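Architecture and fold: a report
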Amino acid sequence: MAKPITTFSCAECGATSSKWSGRCEACGAWNSISEDIPLSAGPSGKTLGTARGKRVALSDLSAKEAPPPRTSSGLDELDRVLGGGLVPASAILVGGDPGIGKSTLLLQAAAAFAGKGLKTFYISGEEASAQVRMRAARLGLQNAPVQLGADTSLRDILTTLDEERPDLVIIDSIQTMWSDIVDSAPGSVSQVRAAAHELTTFAKRRGAAVILVGHVTKEGQIAGPRVVEHMVDTVLYFEGERGHQFRILRAVKNRFGPADEIGVFEMTGAGLSEVSNPSALFMGERGRPTPGSAVFAGIEGTRPVLVEIQALVAPSPHSQARRATVGWDGSRLATILAVLEARCGIPFAGLDVYLNVAGGMKVSEPAADLAVAAALLSAREDSALPPDCVVFGEISLSGALRPVGQTENRLKEAAKLGFSSAIAPEGGKPGGNEGLRLMRMADLTSFVGEVFGAG
Ligand code: TYD
Ligand code: MG
C-alpha cells in the first residue's frame, strides 16, 4: 500500500509544501512550518469502488422553503452586521487583535441572545469561569441566563453540547481548542483546522449557531489562516485603533447577508455601547477649516458614513522621505502621490507625508482617492478646503476622476450633517443634488485649478 503523503503548512500564510524547512518560502516567516495531520484517512483506493451509497435527496430550485428564521439580539449594530440577525445552523468567525474587545462583545451578545430565548453557552478556553463572571458583573449582565464553561478539550466540549442541545455556542477562542485526534500543539494550523471543522459540523448537524473567536496574527490574518475563513458561513472582523475607544465590527464574508456591512461600537467602562450615528464620530472636531483636512463622504456596507481624512506634509530631514498612513493603504497613497506628480506637476519629493483617517476608522473604498488627494494638496499648499464641503471620487492613473456609486446616499448624509457643498466626479448617474452645491470635475488637474487656484 502506498505510504500516505506527508504535507507541511505554514501557520502564517497557509502555504503548503512537501518538505519541512525552517523558513516559509511563500511568506518568509521563520519557524512557522509544521506537519499537517490529516483529519481522516479518506478513501484508501483510487476510486470509491463498487459499493453503493444511499441516494441523495434532490429538489427543484423552485421548491418552496421558508427562509431561515433569524433571531435578532436587539443590539442593532450587531444584527445589521449579521445580515438581520442570527441564523440557526450557521458558523460565524469573529477575528480581531488581542485585547480589542472580542470577549466583551461576545459576552454582551450572548446575554442579548439568551434574553431573546436562545439557549446560550459561552465556552472560554482562555479565562476561568470566575474571570468571565467578573467581566459579566462589570457589564451588569450577571443575571443573564447564559451557561458558562471553561474548557479546551474539544471532545469534552462536543460531548456536552451534544447532550445539552444549545441554540447558540460561543467558543472563545478557536486557538485554545485542542483535539486529541491531532498530534500537535493548540493554536497550530492543524489543530485550528480540526477544531473549526468539528465545531462547524456540529452547527450543521444540530442546527445550532456557533460563534468562533479567532485571534489575528500581526499580519492581520486569522491564525491557522484562511483555512477557517472558508469553513464558516460568516467572517466578522472586530477592529479599531488601540488608543481610540471606537470599535468597528465588519462583515468580510456573509453567506446570509451583505458583506462589507459595519457596526460601530464605543468601548466604555461598562462594556461596548452602540453608536448609531457614526458620521458624527469619525469627523473629528469641526470648527474653523484647517489645512490638511478633507471630509470624505463614504459608504460602508449599506450605510453612508462621513470620515475626516487628515494629511501632514513637511520638508523631510532625511535623504529618503517618509510616508506613513493610519487607516489607509500605503501603496494606494504612493499611487495618488505619483498621479499628482505625473499628471498635475505637483512634486512630493523631499517631503514627508503623513496620512490619517480620523477616529480609528479604516477606509478601503477607492471613492476616497479624491478626498485623500484633497487633504494632501491642502496640507502641501497650507490652504484649507472650502468649509462645509465633502469630497468623493476615484482617481484613475491618467488623472481622470471616475464616478462612484451611491452618489445620492453620500450627498443625503452630508446634507443631514449640515454640509453645504460637495466635490464629485463628472458623469455617472444623473440625480438630485440633495440641496448641496455640487461641483462636478472631470479630472484632477481641474480639481487642483478650481480648488487651489493653481495648475
Ligand atoms: P477583551 O474583550 O478581553 O478583548 P479580547 O477578548 O479581544 O482580547 O477586552 C479587553 C479590553 O477591553 C481591555 O483592555 C479592557 C477593555 N474593557 C473596557 O474598557 N471596558 C469594559 O467594560 C471591559 C469588559 C473591557
Ligand atoms: Mg478574549
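This text gives an overview of the structure that appears in the document. Everything quoted here is computed from the prediction, not taken from an experiment.

Quick notes on the nonpolar core
Note that soluble globular proteins tend to have their nonpolar side chains buried in a common cluster. The biggest cluster of nonpolar side chains holds 66 residues, and the ones touching the most others in it are Phe 296, Trp 328, Phe 348, Leu 376, Ile 423, Leu 444 and Phe 447. The element contributing the most residues to this core is helix α9 (residues 369–381), with nine residues. Setting aside anything within four residues of it in sequence, one finds Phe 296 in contact with Val 305, Leu 306, Val 307, Ile 309, Val 363, Glu 365, Ala 367, Ala 368, Ala 371, Val 391, Phe 392 and Arg 410. Judged by nonpolar contacts, the second largest core, of 31 residues, contains Leu 107, Ala 209, Ile 211 and Ala 251.

Regarding the site of ligand 1
Of all residues adjacent to ligand 1, which total 16 residues, the nearest are Gly 99, Ser 103, Thr 104, Thr 268 and Gly 271. Residue Arg 135 places a side-chain N or O atom 2.9 Å away from an oxygen atom belonging to ligand 1. Isolated, ligand 1 exposes 560 Å² of accessible area, and the fraction of that covered by the protein chains is 74%. If you list the elements that add at least two residues to the shell around ligand 1, you get α2 (102–115), α3 (129–138) and β11 (262–268). Ranked by residue count, the leading element in the shell around ligand 1 is α2, at three residues. Residue classes in the shell around ligand 1 are distributed as five nonpolar, seven polar and four charged.

Description of the sheet that holds strand β12 (residues 271–274)
The strand order β6-β5-β7-β8-β4-β9-β10-β11-β12 describes an open sheet built from nine strands, whose pairing is mixed. Edge positions in the open sheet fall to β6 (146–150) and β12, since each of these has one partner strand only. Put simply, the sheet's adjacent strands are angled 25° from each other on average, direction ignored. As judged from the four bridges shared by β11 and β12, these two strands associate in the antiparallel manner. Looking at β12, one finds that Met 267 is bridged to Leu 272. Strand contacts of α2: β4 (91–96), β5 (120–124), β6, β7 (168–172), β8 (209–215), β9 (234–239), β10 (246–254), β11 and β12, with the helix running at about 160° to β5, the strand carrying the most contacts. Running over the sheet, helix α5 (residues 189–206) touches β4, β7 and β8 and is turned about 160° from β8.

Considerations on the packing of helix α4 (residues 154–164) against α5
In the contact formed by α4 and α5, the axes pass within 11 Å of each other and the chain directions differ by 5°. The orientation of α4 with respect to α5, classified from their angle, is roughly parallel. Contact residues: α4 offers Leu 154, Leu 158, Leu 161 and Asp 162, while α5 offers Ala 194, Ala 195, Glu 198, Leu 199, Phe 202, Arg 205 and Arg 206.

A short note on α5
Look at α5: 26 Å from first C-alpha to last across 18 residues, which is about the 26 Å you get at 1.5 Å a residue. Buried within α5 are the following residues: Val 189, Ser 190, Gln 191, Val 192, Ala 194, Ala 195, Ala 196, Leu 199, Thr 200, Phe 202 and Ala 203. Two residues or fewer past α5, Gly 207 is found with a positive phi of approximately 75°.

The rules behind these values
- Residues numbered from 1 in each chain as written.
- Chains lettered and ligands numbered in written order.
- Predicted model: local features only at pLDDT ≥ 70, side-chain atom pairs only at ≥ 80, totals over all residues.
- Heavy atoms only, no water.
- Core = buried A, V, L, I, M, F, W, Y, C linked by side-chain atoms within 4.5 Å.
- Buried < 20%, exposed > 50% of the residue type's maximum accessible area, 1.4 Å probe, protein only.
- Helix = DSSP H or I, 4+ residues; strand = E, 2+ residues; numbered from the N terminus.
- Contact = heavy atoms within 4.5 Å.
- Near = heavy atom within 4 Å.
- Polar contact = N/O pair within 3.5 Å; in protein donor to acceptor, adjacent residues only side chain to side chain.
- Areas by Shrake-Rupley, 256 points an atom, 1.4 Å probe, with all protein chains shown as cover.
- Nonpolar A, V, L, I, M, F, W, Y, C, P; charged D, E, K, R; others polar.
- Pairing = 2+ DSSP bridges.
- Axes fitted to C-alpha atoms, helices over the stretch in contact; angles between N-to-C directions.
- Parallel < 35°, antiparallel > 145°, perpendicular 65-115°, else oblique.
- Expected span 1.5 Å × (residues − 1).

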